[in-house]
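Coordinate analysis (summary)
Spelled out from the first residue to the last, the chains are:
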Amino acid sequence: MSGKGAPEATGQIDATGLDVVVVAGMWHDVITDGLIAGAQRALDAAGASWRLVRVPGSFELPVVAKTALDQGADAVVALGVIIRGGTPHFEFVSNAATDGLTRVAIDTGKPVGFGVLTLDDEAQGIARAGLPGSEEDKGFEAADAAMRTALILRGLRA
């Protein structure tokens, strides 16, 4: 598990007035639900307004993220779970989601919190999903990063 080199907590942020859309895939619901709960904890603690949109899978995250940002959201938190199988499908979906979400952020000039877990097995996802006993909370981290980046961009544009 990575986790090493993570920045020290920089304190609570005030994201009042930010409109955030959490876009989450439907695969591997125990892990995904943990990611969503982590994002919710971060968003609620910071005072952001937010809503959840569920999509069929991680491949669909970029197009829905772009639409949410084009419709006025200040940031998106993209959450998904992709577990390696015995075919190249894992690489195709992982690359499409990663490249697509990167393009969305660059094309819109708005942040996309990246909470797409690319895993070798389900145990790795459980360890990262912010569930009881998890070592990491990637949903919280993705939402926190999206809000902090949106506030940085707001400051630069002011």
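Calculation rules
Residues numbered from 1 in each chain as written. Predicted model: local features only at pLDDT ≥ 70, side-chain atom pairs only at ≥ 80, totals over all residues. Heavy atoms only, no water. Buried < 20%, exposed > 50% of the residue type's maximum accessible area, 1.4 Å probe, protein only. Helix = DSSP H or I, 4+ residues; strand = E, 2+ residues; numbered from the N terminus. Arc of directions from axis to C-beta. Pairing = 2+ DSSP bridges. Axes fitted to C-alpha atoms, helices over the stretch in contact; angles between N-to-C directions. Contact = heavy atoms within 4.5 Å. Salt bridge = Lys/Arg side-chain N within 4 Å of Asp/Glu carboxyl O. Polar contact = N/O pair within 3.5 Å; in protein donor to acceptor, adjacent residues only side chain to side chain. Core = buried A, V, L, I, M, F, W, Y, C linked by side-chain atoms within 4.5 Å.

Another aspect to go through is helix H2 (residues 61–70). Residues of H2 that are buried include every one of Leu61, Pro62, Ala65, Ala68 and Leu69, and no others. The buried residues of H2 occupy an angular sector of 130 degrees when projected down its axis, which confines them to one face. Positive phi appears at Gly72, one or two residues downstream of H2, with a value of about 115 degrees.

Reading across the sheet, the 4 strands line up as S2-S1-S3-S4 and stay open at both edges, with parallel pairing between neighbours. Edge positions in the sheet fall to strand S2 (49–55) and strand S4 (112–119), since each has one partner strand and no second. Neighbouring strand axes in the sheet, compared pairwise and without regard to direction, differ in orientation by 15 degrees on average. Lying on the sheet, helix H1 (residues 29–46) is in contact with strand S1 (19–25), S2, strand S3 (75–83) and S4; it crosses S3 at an angle near 160 degrees. Set on the sheet, helix H3 (residues 89–108) makes contact with S3 and S4; between it and S4 the angle comes to about 170 degrees.

Attention now goes to unusual backbone geometry. Positioned with a positive phi, His28 is a non-glycine residue whose angle comes to about 55 degrees. Position of His28 relative to the elements: it lies in the loop between S1 and H1.

Now for the pattern of salt bridges. All chains considered together, the criterion is met by 11 salt bridges. Salt-bridge contacts for Asp70 lead to Lys66; the nearest nitrogen and oxygen are separated by 2.6 Å. Of this pair, Asp70 and Lys66 are both found in helix H2, 4 residues apart, which corresponds to roughly one turn of the helix. In this structure Lys66 comes out as partly exposed when scored by relative accessible area, which is 32%. Here Arg84 makes a salt bridge to Glu91, at a shortest N to O gap of 2.8 Å. You can call Arg84 partly exposed: its relative accessible area is 38%. The network of salt bridges with common partners includes Arg128, Glu136, Lys138 and Glu141.

Turning our attention to the environment of Arg84. If you trace the backbone, Arg84 turns up in the loop between S3 and H3. Taking the C-alpha atoms as reference points, Arg84 and Ser94, 10 residues apart in sequence, are found 9.5 Å from one another. At 2.8 Å, the side chain of Arg84 forms a polar contact with the side chain of Glu91. At 2.8 Å, the side chain of Arg84 and the side chain of Asp120 are in polar contact.

Among the nonpolar cores identified, the biggest contains 26 residues, and Leu18, Val20, Leu43, Ala48, Val77, Leu79 and Met147 are the most heavily contacted of them. Sorting the residues of this core by element identifies S1, H1, S3, S4 and helix H5 (138–157) as the ones contributing at least two each. The element that contributes the greatest number of residues to this core is H1, accounting for 7 residues. Filtering out sequence-adjacent residues up to four positions away, Met147 remains in contact with Ile13, Ala15, Leu18, Val20, Ala42, Leu43, Ala46 and Ala48. Of all hydrophobic cores here, the second largest spans 17 residues; its members include Val21, Val23, Ala73 and Ala78.

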